[in-house]
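One letter stands for each residue in the lines below.
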Amino acid sequence: SVTADVKSDLGSTAASDKQREGAWSTEQGLPGAVALFGSRLWWAGSTQRPQTVWGSVVADFEDHDEGTALDDEAINITIASNEVNAIRWLSPIKQLLAGTVGAEFVLAGPEDDVLTPSNIDATSESVHGTANIQPVRVGNATVFIQAASKKVRSFAISFASDATGAFVAPDLTVLAESITGAGLTDLSYQQEPNSVVYATKTNGDLLALTYLVDQDVAGWSRFTTDGSFESVATIPHPDGDRDQVWVIANRTIGAATKRYVEYFEDGASEFTARA
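For every chain, the first residue of the written sequence is number 1, and numbering continues from 1 onward in sequence order. Whole-chain, interface and lining totals are the exception, using all residues; otherwise, since this is a predicted model, local features are given only for residues with pLDDT of at least 70 and side-chain atom pairs are given and counted only at 80 or more. In computing side-chain properties, one takes all heavy atoms of the structure into account and sets aside hydrogens as well as water.

*Asks:* I would appreciate a short explanation of the sheet that holds strand β15 (residues 206–212) in the present structure.
*Replies:* Strand pairing within a sheet occurs via backbone hydrogen bonds; the two strands may be parallel or antiparallel. As summarised here, the arrangement of the four strands in space is β13-β14-β15-β16, forming an open sheet in which the pairing is antiparallel. Edge positions in the sheet fall to β13 (184–190) and β16 (217–223), since each of these pairs with one other strand and no more. For this sheet, the mean angle separating the axes of adjacent strands, direction not counted, is 20°. In short, DSSP must find at least two bridges between two strands for them to pair. Comment: elements are numbered from the N terminus, with helices defined as DSSP H or I runs of at least four residues and strands as E runs of at least two. The pairing of β15 with β16 spans seven bridges and is antiparallel. Note on β16: the bridge partner recorded for Leu 207 is Arg 222. The axes are straight lines fitted to the C-alpha atoms, using for helices just the contacting stretch, and the angles between their N-to-C directions are given from 0 to 180°.

*Asks:* For this particular structure, what's the right way to read the pairing of strand β2 (residues 40–44)?
*Replies:* On a regular strand, each side chain points to the face opposite its neighbour's, so the side chains alternate between the two faces of the sheet. Of all the five residues making up β2, four are buried; the element is thus mostly covered by neighbouring parts of the structure. Both strand β1 (residues 33–37) and β2 contribute to a ladder of five bridges, which runs antiparallel. By the bridge assignment for β2, Val 34 is matched with Trp 43. Hairpin geometry of β1 and β2 is characterised by an intervening segment of two residues between the two adjacent antiparallel strands and by a positive phi of about 60° at Gly 38. Exposure is judged per residue with a 1.4 Å probe applied to protein chains only, and the accessible area is read against the type maximum: over 50% gives exposed, under 20% gives buried, and values in between give partly exposed.

*Asks:* Help me out: how do you make sense of the side chain of Ser 228 in this one?
*Replies:* The topology assignment puts Ser 228 in strand β17 (residues 228–236). Contact between two residues is taken to exist if any of their heavy atoms lie within 4.5 Å; hydrogens are not considered. Discounting chain neighbours no more than four positions away, the residues touching Ser 228 are Gly 204, Ile 248, Ala 249 and Asn 250.

*Asks:* What is the right way to read the pattern of salt bridges from this model?
*Replies:* Pairing between side chains of opposite charge can happen when their charged atoms approach one another. Salt bridges are defined as contacts in which a side-chain nitrogen from Lys or Arg sits within 4 Å of a carboxyl oxygen from Asp or Glu. All chains considered together, the criterion is met by five salt bridges. With its nearest N and O atoms 2.7 Å apart, the salt bridge here joins Arg 259 to Glu 230. Separated by 29 residues along the polypeptide, Arg 259 in strand β19 (residues 256–264) and Glu 230 in strand β17 bring together distant segments of the chain. By relative accessible area, which is 31% here, Glu 230 ends up partly exposed.

*Asks:* Explain the side chain of Arg 153 here, please?
*Replies:* Within the secondary structure, Arg 153 is located in strand β11 (residues 152–158). Notably, Arg 153 is buried but unbridged: the nearest opposite-charge side chain belongs to Asp 171, and the N-O separation is 4.7 Å. Distance and chemistry together define a polar contact, namely a pair of N or O atoms within 3.5 Å, with one atom able to donate a hydrogen and the other to accept it when in protein, and with adjacent residues in sequence counting only for side-chain atoms on both sides. At 3.4 Å, the side chain of Arg 153 and the side chain of His 128 are in polar contact. For Arg 153, the side chain forms a polar contact with the main-chain oxygen of Ala 169, separated by 2.7 Å. The residues touching Arg 153, leaving out its near neighbours within four places in the chain, are His 128, Thr 142, Val 143, Phe 144, Gln 146, Ala 169, Pro 170, Asp 171 and Leu 172. Counted charges follow a simple rule, with Lys and Arg positive, Asp and Glu negative, and His plus the chain ends left uncounted.

*Asks:* Can you walk me through the packing of aromatic side chains in this structure?
*Replies:* Remark: the centre distance and the inter-plane angle together describe each pair of aromatic rings, the angle taken between the planes. Only Phe, Tyr and Trp rings take part, Trp by its six-membered ring, and two of them pair if their centres are within 6.5 Å. Stacked means planes under 30 degrees apart, edge-to-face means over 60, and tilted covers everything else. Taken as a whole, this structure holds eight aromatic pairs when the rule is applied. Summarising the aromatic geometry, the rings of Phe 144 and Phe 155 are spaced 6.5 Å apart at their centres and angled 90° between planes, so their arrangement reads as edge-to-face. Residue Phe 144 is found in strand β10 (residues 141–145), and its partner Phe 155 is found in strand β11; the two are separated by eleven residues along the sequence. An identical accessibility class is assigned to Phe 144 and Phe 155; each is buried. A ring pair is formed by Phe 155 and Phe 167, whose centres lie 5.0 Å apart and whose planes are at 40°; its orientation type is tilted. Within this pair, whereas Phe 155 is found in strand β11, its partner Phe 167 is found in strand β12 (residues 166–168), the two being separated by twelve residues in sequence. Exposure class is identical for Phe 155 and Phe 167. Each is buried. An aromatic cluster is built from Trp 89, Phe 144, Phe 155 and Phe 167, whose rings are joined through pairwise contacts.

This is the structure we're talking about:
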């Protein structure tokens, strides 16, 4: 039994026995992963509901009013698992992928049908687990950092062992196991002029993985600087014909620690950062 004073009208103030607290709040926590897929805005991994995924109404990203009567209504699904696998990221490819602490899931309808409130299911396709670092898309693969932050994997459909196609997540560091050192902290992807995944290391080095998904080619290289690289990102070059690599560089200047936003100069014999 509740007695309350109405301070402002929030629609109907008629008595109702159907009340509940919102899924997101400072008490319940907020989602930690987000993606756009199938004309819906998707959220996942809140503090109190770490395995739940929410999808908005189709083409109405701010409407999360759940339902099952219509296919375009909002979606709410909690991944069933033997372990508490908090969702770290969502990645939209052909299906909606979810990386969790202990496994990688595919959210799909039957026979890859359109996702609706009544036909969505979550299937675990691999059990490597993922670090809390946003992955990057390379072609039809999602490249992510494994839970311990030392291995880089490529999550994609393979037809090598299954004629109908099955998701696999091969280790891209298998031929260079020591290159990631104590761990990785950030990822970014440069598509042009070459297909390269960049990753910052905990020791301040910058790694470059030349990765050609269709050719099954992966090769690593390493860059150092007078200081350390803390973050990396890629954006379109002002000329529009290539992608430009930007970094946050931590440098000691005159005994003082300073951070610079820099980019790699084009056409140099060595990568030279310009402030």
